[in-house]
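# Remarks on the overall topology
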Amino acid sequence: MGTFKIEGGHQLSGEITPQGAKNEALQILCAVLLTAEKVTINNIPDIVDVNKLIQLLKDLGVKVKKLSKGSYSFQADEVNLEYLQSAGFKRDGSGLRGSIMMVGPLLSRFGQGYIPKPGGDKIGRRRLDTHFEGFINLGAKFRYNKEEHFYGVEAKKLKGTYMLLDEASVTGTANIVMAAVLAEGETTIYNAACEPYLQQLCNMLNRMGAKISGIGSNLLTIQGVNELGGTEHRMLPDMIEIGSWVGLAAMTKSELTIKNVSWDDLGQIPTVFGKLGIKLERRGEDIFIPEHKDGYEIQNYIDGSILTISDAPWPGLTPDLLSIILVMATQAKGEVLVHQKMFESRLFFVDKLIDMGAKIILCDPHRATVIGHDFKSTLKATTMTSPDIRAGVSLLIAALSAKGTSTIHNIEQIDRGYEDIDTRLRAIGAKIERID
């Protein structure tokens, strides 16, 4: 189990460039299974979860070639479907949440898709019903082996239909879209997710020859085609990482520039940070964060009541940033209620912040009230363990702002979502050391 040793209390400075978007990568990489032609993808983050998925594709028979840092070509012209029934696939596929999105492309192109029950972060229940109900609506037969926790869907030919999703699941929508592009006839998906990453997937599929309309809305219409061709695609910068670096700058009172953030794809994120009192300046496609010498103050609602920040489907705030916002609030002036609606275990890391001296009331598994210190009392260094990717980075930010030397164990969780994070943070002045 790896460990970070962090000497906190230092100001940082300089520029940092966000990696390619992890959540987009998991969708886009699965889409290469939809064609026998070559697909080139750029700005792929070099992180554990993405590399696991690339290895799964290799094991499935996809020809993978690394062209340069972050750029790969993929060609799925000799897919070995027998691998899907192997012990190796059942083992390796279960260790990666994103592997579920292989099912839609495999079902659509080859008439069969299988997956072991996926793992991932321990952040609460994340059901798969939306995915499989969508496949069933398209005409697939579903089966589940309870003993092996192994899911399967099969169909000679999928047929387009109308469906109203029970939730605006991003991965569920992506999976159903990838199944529907090669289905016979027209598919209409209402209550579809419309996150920028899903828009990226749909635009890429259209360049491959798909016929998807309504992109960016919650009503997608897909005219099925017989086959798709190759294309080249570049992934967006990771909005979660961008938000993480904003939080880092605020908590350490540092002047930072975040490069190439694709401002128009950030949605509510700059606005929410503004409600926390964080000053952001747009400089082209960069975010400039000035040194917050006098701290930052949380806005109340116009009637004077306490601000609530909660997650919601796009264009609402992504749930992946709520842990960052909670940490930032510990040193703000004022109070805020953080409401994590989607995952019932994601706020359980707050006990570690309380140990560091933060004033937080965990109201229930979904809500926490934070009373900010206004930097009059700094957080104190401690030893902690990372429970998941986002909480891990939030604790890292807290440690970098705290007085003294902190230790974070289980940093493999952080590595699953953040590329070479300690090297990049040292480049802007962070005192962080990796201990294997």
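Placed above this text is the structure.
Before going into details, it helps to say that this report is about the structure given with it. (Residues numbered from 1 in each chain as written. Predicted model: local features only at pLDDT ≥ 70, side-chain atom pairs only at ≥ 80, totals over all residues. Heavy atoms only, no water.)

### Describing the packing of aromatic side chains
Tallied over the entire structure, the rule returns 10 aromatic pairs. Measuring from ring centre to ring centre gives 5.8 Å for Tyr296 and Phe375, while their planes differ by 80°; the resulting arrangement is edge-to-face. One end of the pair, Tyr296, is in the loop between strand 16 (286–289) and strand 17 (307–310); the other, Phe375, is in the loop between strand 20 (367–371) and strand 21 (383–385), with 79 residues separating them in the sequence. By relative accessible area, which is 3% here, Tyr296 ends up buried. For Phe375, a relative accessible area of 18% gives the class buried. Here the aromatic cluster, defined as three or more aromatic residues joined through ring pairs, consists of Phe132, Phe135, Phe142, Tyr144 and Tyr151. In this structure, Lys90 is placed above the aromatic ring of Phe150, and the distance from its NZ or CZ to the ring centre is 4.9 Å. Cation over ring: Lys253 sits above Phe375, and NZ or CZ is 4.4 Å from the ring centre. (Phe/Tyr/Trp six-rings, centres within 6.5 Å; stacked < 30°, edge-to-face > 60°. Helix = DSSP H or I, 4+ residues; strand = E, 2+ residues; numbered from the N terminus. Buried < 20%, exposed > 50% of the residue type's maximum accessible area, 1.4 Å probe, protein only. Lys NZ or Arg CZ within 6 Å of the ring centre and 35° of its normal.)

### Quick look at the pattern of salt bridges
With the rule as written, the count across this model stands at 21 salt bridges. Here Asp92 ties to Arg91 by a salt bridge, and the two come within 3.0 Å at their closest N and O atoms. When its relative accessible area of 31% is taken as the criterion, Asp92 is described as partly exposed. Residue classification places Arg91 among the exposed residues on the basis of a relative accessible area of 55%. Asp415 is the salt-bridge partner of Arg434, the closest N and O atoms lying 2.9 Å from each other. Pair noted here: Arg434 is in strand 23 (residues 431–435) and Asp415 is in helix 13 (residues 412–415), with a separation of 19 residues, a long-range link. A residue is classified by how much of its surface remains accessible, and Arg434, at 28% relative accessible area, is partly exposed. By relative accessible area, Asp415 is classed as buried at 16%. When salt bridges with common partners are traced through the structure, they connect Asp415, Asp422, Arg426 and Arg434 into a single cluster. (Salt bridge = Lys/Arg side-chain N within 4 Å of Asp/Glu carboxyl O.)

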